[in-house]
Amino acid sequence: MTVPTGRRERKKAATRQKIADTAMRLFLEHGYDAVGIREVAAEADVAVTTLFSHFASKEALVFEQDEDFEQRLTRAVTGRAPHEPLMPALRREIQALVRHCTADSAAPTWHMIDASPALRKYDESMRLRHAETLAAAIAADPELSPTATASRSIARFVIDAYALAREAADPAAAVDEIFRMIEAAWEVACPSRPA
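Calculation notes
Residues numbered from 1 in each chain as written. Predicted model: local features only at pLDDT ≥ 70, side-chain atom pairs only at ≥ 80, totals over all residues. Heavy atoms only, no water. Salt bridge = Lys/Arg side-chain N within 4 Å of Asp/Glu carboxyl O. Helix = DSSP H or I, 4+ residues; strand = E, 2+ residues; numbered from the N terminus. Buried < 20%, exposed > 50% of the residue type's maximum accessible area, 1.4 Å probe, protein only. Axes fitted to C-alpha atoms, helices over the stretch in contact; angles between N-to-C directions. Parallel < 35°, antiparallel > 145°, perpendicular 65-115°, else oblique. Left-handed = near helix turned anticlockwise from the far one by under 90°. Contact = heavy atoms within 4.5 Å. Phe/Tyr/Trp six-rings, centres within 6.5 Å; stacked < 30°, edge-to-face > 60°. Lys NZ or Arg CZ within 6 Å of the ring centre and 35° of its normal.

Caption draft 1: Local environment of the pattern of salt bridges. Overall, the coordinates contain 15 salt bridges when judged by the stated rule. The partner of Arg-129 in a salt bridge is Glu-70, with the nearest N and O atoms 2.4 Å apart. Taken together, the positions of Arg-129 in helix H8 (residues 117-140) and Glu-70 in helix H5 (residues 66-78) put the pair 59 residues apart, joining distant regions of the chain. Classification of Arg-129 by relative accessible area gives partly exposed; the value is 36%. In this structure Glu-70 comes out as buried when scored by relative accessible area, which is 16%. Of the charged contacts in the structure, one is a salt bridge between Glu-93 and Arg-72, with a shortest N-O distance of 2.6 Å. Here Arg-72 lies in helix H5 and Glu-93 lies in helix H6 (residues 86-101), a separation of 21 residues in the sequence. A relative accessible area of 16% places Glu-93 in the buried class. Residue Arg-72 is classed as partly exposed on the basis of its relative accessible area, which comes to 22%. Overlapping salt bridges bring together Arg-25, Glu-29 and Glu-43 as one network.

Listed below in structure tokens is the structure:
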């Protein structure tokens, strides 16, 4: 997440983080379904309207790094070195995200998500949105010039790689295996472009 520079932005970011941390603690202690928005707001010592000014829904509290995740994927495309092939940049970012999400400290959160139909549904919709954002970044890159269908397909493959690797017994090996397939698909979609 980008570090806010102004006092007001820093205070807003600190409030947002306090709400997210409080919510996650309560969800993990009592169960996601057992904790209401009002309880989170009260425990974080903020008004419910303040909570909703930072998070659009209860589910969003669990996925508080959603925006950062999406920005990191976009930067993997837009921030890569000139003439650097796309696939190594995306692979590095997915590997880093998978390492973060498969750390021992993340396990209780993923167990909670897997146990909740509402959170699984939110996760799925979030992944679709991330795929569309990633597809737009790929399509907008003048060095790449893939079709809209190719951009969207590759983006979905990349997002699915993250989800599949996160659930694998050996996440790093899964990322490597999946990216070999993604690179082959990219070669078919854009034969004149390096993977």
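Caption draft 2: Looking closely at the packing of H5 against H8. Viewed as axis vectors pointing N to C, H5 and H8 meet at an angle of 25 degrees, and their least axial separation amounts to 9 Å. If you check the angle between H5 and H8, you find them roughly parallel. As for the relative orientation of H5 and H8, their crossing is right-handed in sense. Facing Asp-66, Phe-69, Glu-70, Leu-73, Thr-74, Val-77 and Thr-78 of H5, the residues of H8 in contact are Tyr-122, Met-126, Arg-129, His-130, Thr-133, Leu-134, Ala-137 and Ile-138.

Caption draft 3: Seen up close, the environment of His-83. Mapped onto the elements of the fold, His-83 is located in the loop between H5 and H6. Through-space distance from the C-alpha of His-83 to that of Glu-143 is 7.5 Å; in sequence the pair is 60 residues apart.

Caption draft 4: Here's a closer look at the packing of aromatic side chains. By the definition in use, this model includes 3 aromatic pairs. With centroids separated by 5.3 Å and ring planes inclined at 25 degrees, the aromatic side chains of Phe-63 and Tyr-122 adopt a geometry described as stacked. Residue Phe-63 is found in the loop between helix H4 (58-62) and H5, and its partner Tyr-122 is found in helix H8; the two are separated by 59 residues along the sequence. Taking relative accessible area as the criterion, Phe-63 reaches 8% and is therefore assigned buried. The ring centre of Tyr-32 lies 4.3 Å from the NZ or CZ of Lys-58, which sits over that ring. Sitting over the face of the ring of Trp-110, Arg-166 holds its NZ or CZ atom 3.4 Å from the ring centroid.

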